[in-house]
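Here are the chains, one letter per residue:
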Amino acid sequence: MNEKADFAQRLRDAMTQAGYAVRPVVLEREFNSRYWGRSVTLQGVRRWLRGEAIPSQDKLQVLADWLGVEPEVLRFGSRVRQSVQERRQRWDDGLGYMERETLEAFLSLPAPQRKIVREVILTFAKLHSDGSSR
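Residues numbered from 1 in each chain as written. Predicted model: local features only at pLDDT ≥ 70, side-chain atom pairs only at ≥ 80, totals over all residues. Heavy atoms only, no water.

(A) Molecular detail of the overall build of the protein chain. Of regular secondary structure, the protein chain possesses eight helices and zero strands. N-terminal to C-terminal, the α/β element order of the protein chain is α-α-α-α-α-α-α-α. Taking 134 residues into account, the globule formula puts the C-alpha radius of gyration at 14 Å, and the protein chain, at 22 Å, lies well above it. Counted over contacts in the protein chain with a minimum sequence separation of 6, partners at least 24 positions apart contribute 47%. Summed over its atoms, the accessible surface of the protein chain is roughly 10000 Å², and 53% of this surface lies on carbon and sulfur atoms. Averaging the coordinates of the 23 positive side-chain charges in the protein chain and doing the same for the 18 negative ones gives two points 7 Å apart. (Helix = DSSP H or I, 4+ residues; strand = E, 2+ residues; numbered from the N terminus. Rg over C-alpha atoms; globule rule 2.2 N^0.38 Å. Contact = heavy atoms within 4.5 Å. Areas by Shrake-Rupley, 256 points an atom, 1.4 Å probe, with all protein chains shown as cover. Lys, Arg positive; Asp, Glu negative; His and termini not counted. Charge placed at Lys NZ, Arg CZ, Asp CG, Glu CD.)

Here is the structure:
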């Protein structure tokens, strides 16, 4: 399947889970009653359901709020949430007090000084990954 078709399937599933009939007229009515921008046409929502188009971010947010799903899950699937959680867990597990204190100090520096510190750290990391660290 492709990205648009995957999105369409997630949209149809979310509509079903929320108790709505998976019909373009239902989607058009419910979406337009919640969206403050220019109304979406029946043809436009039909394209979402068929996997021919993906709505813009502001429209996706309205769809997610209406259907009770996270916008990133509606747009990209549950794999993206799992990936984000794994990365966050790695940060939470890998940072002790000293690392957190160092990061806080780094973030308090002005941008030019942060750039210098970043370059120093990346240089050390590159030396270490090349196997030439001592």
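Now that the structure has been shown, the text picks up again.
(B) Quick peek at the pattern of salt bridges. Evaluated as defined, the whole model comprises five salt bridges. Where R29 meets E30, a salt bridge forms, and the shortest distance between an N and an O atom there is 3.3 Å. What you see here is one network of salt bridges that share partners, running through R29, E30 and R34. (Salt bridge = Lys/Arg side-chain N within 4 Å of Asp/Glu carboxyl O.)

(C) Structural detail: helix α2 (residues 24-32). Along α2, the residues that are buried comprise V26, L27, E30 and F31. End-on, the buried residues of α2 take up no more than an arc of 115°, which puts them together on one face. On its buried face, α2 sits against α1 (3-17), α3 (42-50) and α4 (57-67). (Buried < 20%, exposed > 50% of the residue type's maximum accessible area, 1.4 Å probe, protein only. Arc of directions from axis to C-beta.)

(D) Examining the layout of surface pockets more closely. Its volume calculated, the largest pocket comes out at about 220 Å³. If you trace the largest pocket, you find it lined by E99, T102, L103, F106, L109, V117, R118 and I121. It is helix α7 (residues 97-108) that contributes the most residues to the lining of the largest pocket, four residues altogether. Taken together, the residues of the lining of the largest pocket break down into five nonpolar, one polar and two charged. (1 Å grid on protein atoms, 1.4 Å probe; cavity = no way out; pocket = protein on both sides within 12 Å on 5 of 7 lines; lining within 4 Å. Points joined across faces, edges and corners; volume = space filled by probe spheres on them. Nonpolar A, V, L, I, M, F, W, Y, C, P; charged D, E, K, R; others polar.)

(E) Region of interest: the environment of T123. Tracing the sequence through the fold places T123 in helix α8 (residues 111-129). Between the C-alpha atoms of T123 and F76, which are 47 residues apart in sequence, the distance is 35 Å.

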